[in-house]
Amino acid sequence: DTGVSQNPRHKITKRGQNVTFRCDPISEHNRLYWYRQTLGQGPEFLTYFQNEAQLEKSRLLSDRFSAERPKGSFSTLEIQRTEQGDSAMYLCASSLGALGRMPYEQYFGPGTRLTVT
Amino acid sequence: AQTVTQSQPEMSVQEAETVTLSCTYDTSESDYYLFWYKQPPSRQMILVIRQEAYKQQNATENRFSVNFQKAAKSFSLKISDSQLGDAAMYFCAYRSQNRGYGGSQGNLIFGKGTKLSVKP
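Keep in mind that what you see is a predicted model, and the values were worked out from it rather than measured.

Colleague: Sorry, what's going on with the nonpolar core here?
Modeller: General note: in soluble globular proteins, nonpolar side chains tend to be found buried as a group. Y25(B), W36(B), F75(B), L77(B) and Y90(B) are the most contacted members of the largest nonpolar core, which has 25 residues in total. Taken together, the elements giving at least two residues each to this core come down to β3 (19-21), β5 (32-39), β6 (46-52), β8 (64-69), β9 (74-79), β10 (88-96) and β12 (114-119) of chain B. A total of 4 residues in this core trace back to one element, the largest contributor, which is β10(B). Apart from residues no more than four positions distant in its own chain, L77(B) is found in contact with V19(B), T20(B), L21(B), W36(B), I49(B), F64(B), S65(B), V66(B) and Y90(B). Among the nonpolar cores identified, the runner-up in size contains 19 residues, and V4(A), I26(A), L32(A) and L114(A) belong to it.

Colleague: How should the interface of chain B and chain A be read in this particular structure?
Modeller: How big an interface is tends to be stated in terms of the accessible area lost upon association of its parts. The interface of chain B with chain A comprises 26 residues on the first partner and 26 residues on the second. Buried area between chain B and chain A, both sides added, is near 2200 Å², and the carbon and sulfur share of it is 49%. Viewed at the interface, chain A and chain B are joined by 3 residue pairs in polar contact (both at pLDDT 80 or more). When residues of the side of chain B that touches chain A are traced back to their parent elements, those giving at least two are β5, β6 and β10 of chain B. The element contributing the most residues to the side of chain B that touches chain A is β5(B), with 4 residues. In terms of residue class, the side of chain B that touches chain A is built from 10 nonpolar, 11 polar and 5 charged.

Definitions and limits used
Residues numbered from 1 in each chain as written. Chains lettered and ligands numbered in written order. Predicted model: local features only at pLDDT ≥ 70, side-chain atom pairs only at ≥ 80, totals over all residues. Heavy atoms only, no water. Core = buried A, V, L, I, M, F, W, Y, C linked by side-chain atoms within 4.5 Å. Buried < 20%, exposed > 50% of the residue type's maximum accessible area, 1.4 Å probe, protein only. Helix = DSSP H or I, 4+ residues; strand = E, 2+ residues; numbered from the N terminus. Contact = heavy atoms within 4.5 Å. Buried area = accessible area lost by both parts, 1.4 Å probe. Polar contact = N/O pair within 3.5 Å; in protein donor to acceptor, adjacent residues only side chain to side chain. Nonpolar A, V, L, I, M, F, W, Y, C, P; charged D, E, K, R; others polar.

Listed below in structure tokens is the structure:
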């Protein structure tokens, strides 16, 4: 399977703990996105990478959140001092860079469901 | 800022019938893209169909078609000959035209979704 993969699929943690999620994009994709989806809502954009450079961050990404994409391959999203409000599905998507007008499709991973108790 | 509104939290359709899901959006941009994504239960989101705002012709993908009304900022999805496998959450999404470095980099803005049930 050469789709986007995310690990772990589920994470339960206690409030105040740190957690880290991993996303492995489709190998030739140079763009990588992180979204957060809470119950009953659509995904909300968190941050975006082009290769290894983090080019855009949403205001939703507080200073407790940090994302990296070393060497432009996999990406990690870390949440420090988790809060109950961080409970959500964290989705990763990847795409090729757009050439000309047409944006390439974003392919989504299965997500990591975080529960903060 | 752009917003996407899906006013139907849930919809139901009989197998083999046709259903239309509604989506409206707000933007001051003239060039953008619109998408419908499908999220089956416990499975990952997949793209159903997309529409370029500069194209007047409505997009079609097999049983899925859209009714794009740019002036009204409306973008509905029609599913014909509904199948049991169509049951899922459907999300309407907006994307700005890629402005390259420093501009909007293509993140999607989603609506809250419509849960579609298909009755056998």
